[in-house]
Amino acid sequence: MSDESTMLAPPRGMRDFYPPEMALRRRLFDVWHAAARRAGFEEYDACVVESLDLLKRKAGEEIVDQIYAFQDKSERWLALRPEMTPTLARMLAAREGSLTFPVKWYTIAQCFRYERMTRGRKREHYQWNLDIVGTDAVAAEAQVLGAAVNAMDALGLDARHYAVRFSSRALLGDLLASLGIAPAHHAPAFLALDKRGKIDDAAIERLLAAEGVDRDCTRRIFDLLSLDSLDAAAARLSADAPSLAGVRRFLEVAAAQGIGELLRFDLSVIRGLSYYTGIVFEAFDTAGKLRAIFGGGRYDRLLADVGGKPRSGVGLGFGDVVVAELLTDLALAGQAAGGADIEVGFMEPAQELPAIRAGAAWRREGKRVSVACHPEKAKVFFGRVSKSGAAEAVYIGPDDVAAGLLRVKNLATREQRDIPLRSVSD
């Protein structure tokens, strides 16, 4: 690739949004906003630059290799936010004395990660975040999932197209304890098991060995992941295990919310982020071609980690990249919706002012109207606007002005209706 063509491309892993891509992005954003508001979430936002210390406090020193970090002119270490959850924790901790918990907040945030790109993964993306903080009731898990399912419905996606796989870190922790693995080793075990399928089992065994887990225990940990139903997992635990009761209650609440048919118990769903403590979930396309569409789970220590009071919460992250891939694969991305309702053109300079007046009148009625900037021949005008996505077109010539009529043409059906010019130009 030449230097000139490289200069014209966005930086690697970043995206430009031309009008067709912008129309799909706007459609996603509109659906996300509507679904969040229907479920009673309040919108918030924050700066795109965060303190590097905040990110390292939550994720550890290794986060520096995965993000865009830099020093400002005062030599403070900052970073482009890789996710919204640390920022949410900071904001809640800063004003928790004046907030009424539980809070139900949402945002659509642009996030940046410096990582290897694959299909469905960019170095920047927009993510819809839903969080309920300040309750340990599993109704919160069902509510964030219900909002996400509502958004999927609005996009034309249902149980034919995706399923939500879920598990519980608390349940897996109880299962690990039943094998004699100390609680101190549970978090490293979660992180190691989350890598299964990404690295080979021998590498996972070495990771677990470094945490003091012997080979026999590692084999039994792998065996746990073969449990293919909640009943099979329950058979390894006492009937009154709180983690088991929590999962069953979650299923009851989800069923009442009408999303039960989408749920699939899968003990291998662990989620790599260390702050998850309870039920975790990920949505995948049924064809198995893409990365997770959305995911999230229960966290109990997030606010405490940034200096706030310990509060339990649930979060869900839903990125724009994978769902756009899925909609495109299923031919559900739709026609670009960014164009005008009505395109207005004119033949000669003498018809420009009537065209402008007509456009202004339709805009006052709430219509989206695009008026040509210069005279055009009729053939050129209709050839141009037929590709614009507009519903209707009006072309004004001297005969139309003399007759006092506007001919409004439906660009899909080619049908035409006449309206008085005076009705849109007074």
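Please refer to the structure placed before this passage.
Quick summary incoming for the structure in this document. (Residues numbered from 1 in each chain as written. Predicted model: local features only at pLDDT ≥ 70, side-chain atom pairs only at ≥ 80, totals over all residues. Heavy atoms only, no water.)

## Quick word on the pairing of strand β12 (residues 342–346)
For step 1, the next point in the chain: Within β12, 5 of the 5 residues are buried, leaving the element largely enclosed by the surrounding structure.
For step 2, the next point in the chain: Residue alternation in β12 divides its side chains into two sets, Ile342, Val344 and Phe346 and Glu343 and Gly345, and both sets are buried.
For step 3, the next point in the chain: Between β12 and its parallel partner strand β13 (residues 369–371), the chain crosses via helix α14 (residues 352–364), and the hand of that crossover is right-handed.
For step 4, the next point in the chain: Here β12 pairs with strand β14 (residues 392–396) via 5 bridges, running parallel. Its bridge partner being in β14, glycine 345 is matched across the sheet by tyrosine 395. (Buried < 20%, exposed > 50% of the residue type's maximum accessible area, 1.4 Å probe, protein only. Helix = DSSP H or I, 4+ residues; strand = E, 2+ residues; numbered from the N terminus. Right-handed = clockwise from strand over helix to strand, strands pointing away. Pairing = 2+ DSSP bridges.)

## Observations concerning the packing of helix α8 (residues 201–210) against helix α9 (residues 215–224)
For step 1, the next point in the chain: It is the contact of α8 with α9, at a shortest axis distance of 10 Å, that shows an interaxial angle of 125 degrees. One finds that α8 runs oblique with respect to α9. Of the two possible hands of crossing, α8 and α9 adopt the one that is right-handed. In contact with Asp201, Ile204, Glu205 and Leu208 of α8, α9 contributes Arg215, Thr218, Ile221 and Phe222. (Axes fitted to C-alpha atoms, helices over the stretch in contact; angles between N-to-C directions. Parallel < 35°, antiparallel > 145°, perpendicular 65-115°, else oblique. Left-handed = near helix turned anticlockwise from the far one by under 90°. Contact = heavy atoms within 4.5 Å.)

## Section: the environment of alanine 148
For step 1, the next point in the chain: Along the chain, alanine 148 turns up in helix α5 (residues 139–154).
For step 2, the next point in the chain: C-alpha of alanine 148 to C-alpha of tryptophan 32: the two residues are 116 residues apart in sequence and 8.1 Å apart in space.
For step 3, the next point in the chain: For alanine 148, the contacting residues outside a window of four places in its chain are Trp128, Leu130, Phe294, Leu316 and Phe318.

## A few points about the pattern of salt bridges
For step 1, the next point in the chain: A full pass over the atoms with the stated rule returns 24 salt bridges.
For step 2, the next point in the chain: In this structure, arginine 219 engages aspartate 223 in a salt bridge whose closest nitrogen and oxygen atoms are separated by 3.3 Å. Pair noted here: arginine 219 and aspartate 223 are both in helix α9, with a separation of 4 residues, about one helical turn.
For step 3, the next point in the chain: Here aspartate 223 falls in the partly exposed class, since its relative accessible area comes to 35%.
For step 4, the next point in the chain: A salt bridge links arginine 407 to aspartate 400; the nearest nitrogen and oxygen atoms lie 2.3 Å apart.
For step 5, the next point in the chain: A residue is classified by how much of its surface remains accessible, and arginine 407, at 32% relative accessible area, is partly exposed.
For step 6, the next point in the chain: Aspartate 400 gets classed as buried once you look at its relative accessible area, which sits at 9%.
For step 7, the next point in the chain: Several salt bridges converge on common partners, so that one network encompasses Arg15, Glu124 and Asp320. (Salt bridge = Lys/Arg side-chain N within 4 Å of Asp/Glu carboxyl O.)

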